[in-house]
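Reading the structure
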Amino acid sequence: MPSTLDDFEVMATIGTGSYGTCKKIRRKKDGKVMVWKEMEYGSMTESEKQMLVSEVNLLRELRHQHIVRYYDRIIDRTQAIIYIIMEYCQGGDLASIISRNRKEGTHVSEDFAWKILIQATLALKECHRRKNGKAVLHRDLKPANVFLDAEANVKLGDFGLARVLHHEHSLAQTYVGTPYYMSPELVNNQSYNEKSDIWSLGCMLYELCALAPPFTATNEGELKRKIRIGQFPRLPTQYSLELDMIIRRMIQVECLPPRALELLEKCSCENSYVTTE
Ligand SMILES: CNC(=O)c1c(C)[nH]c(/C=C2\C(=O)Nc3ccc(Cl)cc32)c1C
């Protein structure tokens, strides 16, 4: 029996994310707390709508402990809104942790940084593992799209929708914000691939520790120049050389960053103290 809007009670608006509004909801029949992301599709072309539908169906196949679980979707054709029903992540997103640390002048611990690195890489490895020939690329890895459950375990969210809404003809969503995590292939107008996700993950982990992105600029031209050069400061000295080095491996211009699997092998030999599962 497909879900309807009446099956749920809206508890609160918890975020206006990159692609719509996130609301905390409670399922009436059993009280289970979930979220739905409301996305207006009225201004999308037919092909974008088809891409969105096939994208959501693909994402519903993703089952992994470090990827936000997609449960269902409701399409309200009268309002041209799709409601994507997903797992509730009580710990919120990494963007909130970074801004709080910036305000308080504090930093996440080394253990926490390794935990996020390993669990987010495990999630990417699952997505990049090709299923019937289709890898799911995130395309918009950033602190606002990485969530934490009640035990501060990673839950990667907003998978793949970026492709639909960043589609060059898309009117559904104008891209907002400076693309600090833009990978070298995007700077050079080449196609996005798995290693672009790894590059963005490296930038995100760098910002989690350093409280600023590796590459900053006042305009996109300057940002692209800095990314091409690929030089950025070492992590704050409270973080180990090993952590700095593995993040540096992910943000490499001269030779392509490693794939998720290679990263995990490197982590396991350098950090037996961080449990990965
Ligand atoms: C202030 N907001 C929060 O603390 C917060 C909390 C407790 N949860 C969230 C967001 C999500 C959440 O809890 N589950 C999600 C699944 C997919 C997406 Cl795109 C977002 C979420 C947020 C933004």
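In this report, the structure presented in the accompanying data block is examined. (Residues numbered from 1 in each chain as written. Predicted model: local features only at pLDDT ≥ 70, side-chain atom pairs only at ≥ 80, totals over all residues. Heavy atoms only, no water.)

Things to note about the overall build of the protein chain
Short version of the rule: Helix and strand assignments follow DSSP, with helices taken as H or I runs no shorter than four residues and strands as E runs no shorter than two, numbered in order from the N terminus. Buried, partly exposed and exposed residues are distinguished by accessible area as a fraction of the type maximum, computed with a 1.4 Å probe on protein chains only: under 20%, between the cut-offs, and over 50%, respectively. In what follows, a contact means two residues having at least one pair of non-hydrogen atoms within 4.5 Å. Every accessible area reported is derived by Shrake-Rupley at a probe size of 1.4 Å, with residue values counting cover from the shown protein chains alone.
On a plain count of helices and strands, the protein chain comes out with nine helices and eight strands. Expressed as a percentage of the 277 residues in the protein chain, the buried residues total 49%. Across the protein chain, every contact between residues at least 6 apart in sequence was considered, and the portion connecting residues at least 24 apart equals 63%. Carbon and sulfur atoms provide 50% of the accessible area of the protein chain, an area that totals close to 13,400 Å².

Remarks on the packing of helix H3 (residues 110-128) against helix H6 (residues 194-210)
Here is the rule we go by: Only C-alpha atoms enter the line fits that serve as axes; for helices the fit covers just the stretch in contact. Angles between N-to-C directions range over 0 to 180 degrees. Angles below 35 degrees are treated as roughly parallel, those above 145 as roughly antiparallel, those between 65 and 115 as roughly perpendicular, and all remaining angles as oblique. For a crossing to be left-handed, the near helix must be turned anticlockwise from the far one by less than a right angle; the clockwise case is right-handed.
Here H3 crosses H6 at 165 degrees, and the two axes come no closer than 11 Å. By the angle class used here, H3 and H6 are roughly antiparallel. Every pair of crossing elements has a handedness; the one defined by H3 and H6 is right-handed. Here H3 contributes Phe112, Ala113, Ile116, Leu117, Ala120, Thr121, Leu124 and His128 to the contact with H6, which in turn contributes Glu194, Asp197, Ile198, Leu201, Met204, Leu205, Leu208 and Cys209.

As for the site of the ligand
How we decide: Here, proximity means that at least one heavy atom of the residue falls within 4 Å of the molecule or strand. Polar contact is the term for a pair of N or O atoms within 3.5 Å; when the atoms are in protein, one must be able to donate a hydrogen and the other to accept it, and sequence-neighboring residues count only if both atoms are side-chain atoms. Lys, Arg, Asp and Glu make up the charged group, whereas Ala, Val, Leu, Ile, Met, Phe, Trp, Tyr, Cys and Pro make up the nonpolar group; the residues left over, Gly among them, are polar.
If you check the shell around the ligand, you find 14 residues, and the closest are Ile14, Val68, Glu87, Cys89 and Phe147. Backbone polar atom of Ile14 to a nitrogen atom of the ligand: 2.9 Å apart, as the coordinates give it. Between an oxygen atom of the ligand and a main-chain N or O atom of Cys89, the distance comes to 2.7 Å. Protein contacts shield 81% of the accessible area of the ligand, which totals 520 Å² for the unbound molecule. If you list the elements that add at least two residues to the shell around the ligand, you get strand S3 (33-40), strand S5 (81-87) and strand S6 (92-93). Of the residues assigned to the shell around the ligand, the class counts are eight nonpolar, two polar and four charged.

A closer look at the side chain of Ser196
Mapped onto the fold, Ser196 is located in helix H6. Taking the relative accessible area as the measure of exposure, Ser196 reaches 0% and is therefore buried. For Ser196, the side chain forms a polar contact with the side chain of Glu185, separated by 2.4 Å. Sequence-distant contacts of Ser196, that is, excluding residues within four places in its chain, are made with Ser183 and Glu185.

Digging into helix H1 (residues 46-60)
We apply this condition: Working rule for helices: expected span equals 1.5 Å times residues minus one. This arc describes the spread of directions from the helix axis toward the C-beta atoms.
The terminal C-alpha atoms of H1 lie 21 Å apart, and with 15 residues this matches the ideal 21 Å at 1.5 Å per residue to within 8%. Every buried residue of H1 is listed here: Glu48, Leu52, Glu55, Val56, Leu58 and Leu59. Seen along its axis, H1 keeps its buried residues to an arc of 160 degrees; they face one direction.

Notes on the pattern of salt bridges
Spelled out, the test is: A pairing counts as a salt bridge when a side-chain nitrogen of Lys or Arg comes within 4 Å of a carboxyl oxygen of Asp or Glu.
Throughout the structure, instances matching the rule amount to 12 salt bridges. Notably, a salt bridge pairs Glu126 with Arg129, separated by 2.8 Å at the nearest N-O pair. We note a salt bridge from Arg248 to Asp244, for which the minimum N-O separation is 3.1 Å. Taken together, the residues Arg248 and Asp244, both in helix H8 (residues 241-250) and four residues apart, mark about one turn of the helix. The partly exposed category is assigned to Arg248, whose relative accessible area is 24%. Its relative accessible area of 5% is what places Asp244 among the buried residues.

Some points on the packing of helix H2 (residues 94-104) against H6
Interaxial distance between H2 and H6 falls to 9 Å at its minimum, and their mutual angle equals 35 degrees. Taking contact as the criterion, the partners of Leu94, Ile98 and Arg102 in H2 are, on H6, Met204, Glu207 and Leu208. Looking at side-chain class alone, the contact of H2 with H6 contains four nonpolar, no polar and two charged residues.

Considering the nonpolar core
As a rule of thumb, soluble globular proteins bury nonpolar side chains together. Applicable threshold: Among the buried residues, those of types Ala, Val, Leu, Ile, Met, Phe, Trp, Tyr and Cys that are joined through side-chain atoms within 4.5 Å form a nonpolar core.
Core analysis: the largest hydrophobic core is formed by 68 residues, its most contacted members being Leu94, Ile116, Leu117, Phe159, Leu243, Ile247 and Ile251. The element that contributes the greatest number of residues to this core is H3, accounting for 11 residues. For Phe159, the residues in contact, after removing those within four places along its chain, are Leu59, Leu62, Ile67, Tyr70, Leu124, Cys127, Val136, Leu137 and His138. Ranked by size, the runner-up nonpolar core spans eight residues in total, among them Phe8, Ile81, Tyr83 and Ile85.

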